[in-house]
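The primary structure of each chain is shown beneath.
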Amino acid sequence: MVSWRRSASWLSSASRSSLGGAVGGEAKVTPEVDPAAHEVEVEEELDEERWSRLLPELLTEIVRRVDAGAERWPLRRDVVVCACVCRRWRDAAFSVVRPRLEAGRITFPSSLKQPGPRDAPMHCFIRRDKKNSTFSLHLSLTQALTDKGKFLLAARRFRQGAHTEYIISYDYDDLHPGSTSYVGKLRSDFLGTKFIIYDNQAPYDGAKPSRSRSSRRFASKQISPQVSGGSYEVGQVTYKFNFLKSRGPRRMQCSIQCPVGQGTASDPSKEKTPTPSSLDLKNKAPRWHDHLQCWCLNFHGRVTVASVKNFQLVATAGSGGPWDVGDEETVILQFGKIEDDAFTMDYRQPLSAFQAFAICLTSFGTKLACE
């Protein structure tokens, strides 16, 4: 049985064409259509038309109330359901839901590449599967360090010759080079001390894709003509060498492209075109605790297990730019261990969830030149 989502007139014309061919002595093969299934689909189409014919004012008010009553997931899935009804409902949902920077909420996949909240960090956590070399990013739904969470992104580690790559995807089950769910990737050098972050979409107008061989997507597939198939370099993460093997945590520096003007307008139709701007980050220096005999950082209860992977990133002096985060005390990204294969990840403006996730992925793996 083959189900067709077509109108009744199309089915009638197809039947007449088939009948005429049979009378003329020409045999034609046509798919069998289940009448009951066809009736259900016709009813669904009529139902969809009824919803799409709602008055624009009424439709906007419905979506506005749903959005206002759903502060966090899983309630915010109702907003996504509204956007899935039809094109008019989707347009209404996008006009009502405020940009990520203003609302401080993750609703649509596009929010994963928008800056985090201004006033308080967004709490997330990362789960690691050592057996499959995969990592998944989840949005925390409660105050607990880990819960079921809302899945956001996934990554898988590959070996490309002497280099290591992390393919980042929207789909946990589609983590291969050339995936249609491809979001971006992370590539390390031979020593695993320098990483380059690539995005599949241009971070700002006029950005040019990387021409290096290492940034190409092998056997890539475009989701649609509107989705770029290139790789754009949007950041670098570098770990400093520790030749003397002195005691102390890893030292890292990041240079991230954070477009200014993205998602800052209250009216999406008047949103400013993002312009390129670079943000320099460094790990916050820990202090030596004499009683515990270890290096310590204040994670405010978000980290429970000591690990060399734990870090906090702050903006370097004078690099706060338009985001006003250059006081070296405001933690823009913190990452720490809470279980054997679970880590918290808290980020804020101007980093996006995608950028924060990519930076945290660089912390996994042994770095002999740094420790």
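Described below are features of the structure shown in this document.

Cut-offs applied
Residues numbered from 1 in each chain as written. Predicted model: local features only at pLDDT ≥ 70, side-chain atom pairs only at ≥ 80, totals over all residues. Heavy atoms only, no water. Pairing = 2+ DSSP bridges. Helix = DSSP H or I, 4+ residues; strand = E, 2+ residues; numbered from the N terminus. Buried < 20%, exposed > 50% of the residue type's maximum accessible area, 1.4 Å probe, protein only. Axes fitted to C-alpha atoms, helices over the stretch in contact; angles between N-to-C directions. Contact = heavy atoms within 4.5 Å.

## Digging into the pairing of strand S1 (residues 122–129)
Here comes step 1: In this sheet, strand S14 (residues 342–347) lies alongside S1 in antiparallel orientation, the contact comprising six bridges. When the bridges of S14 are listed, Met-122 appears paired with Tyr-347.
Here comes step 2: Here S1 pairs with strand S2 (residues 134–139) via six bridges, running antiparallel. The residue of S2 that forms the bridge with Cys-124 is Leu-139.
Here comes step 3: Count of turn residues in the S1/S2 antiparallel hairpin: four residues, of which Ser-133 carries a positive phi of about 55 degrees.

## So, the environment of Cys-124
Here comes step 1: Within the secondary structure, Cys-124 sits in strand S1.
Here comes step 2: The exposure class of Cys-124 is buried, given its relative accessible area of 0%.
Here comes step 3: Cys-124 sits 222 residues away from Asp-346 along the chain, and the two C-alpha atoms are 5.8 Å apart.

## Focus: the sheet that holds strand S12 (residues 311–315)
Here comes step 1: Around the barrel, 12 strands lie side by side as S1-S2-S3-S4-S5-S6-S7-S8-S9-S12-S13-S14; this closed barrel has antiparallel pairing. Averaged over all adjacent pairs, the angle separating strand axes in this sheet is 20 degrees, with direction ignored.
Here comes step 2: Taken together, the five bridges between strand S8 (residues 252–257) and strand S9 (residues 278–283) define a ladder with antiparallel strand orientation. Directly across from Gln-257, in S9, lies its bridge partner Ser-278.
Here comes step 3: Across the sheet, helix H7 (residues 353–361) is in contact with S1, S2, strand S3 (150–160), strand S4 (163–169), strand S5 (182–188), strand S6 (194–199), strand S7 (232–239), S8, S12, strand S13 (333–339) and S14; its angle to S14 comes to roughly 135 degrees.

## Observations concerning the pairing of S7
Here comes step 1: Pairing between S6 and S7: six bridges, direction antiparallel. Counted as the bridge partner of Tyr-198 is Glu-233 from S7.
Here comes step 2: Pairing geometry for S7 and S8, over five bridges, is antiparallel. The residue of S8 that forms the bridge with Thr-238 is Gln-253.

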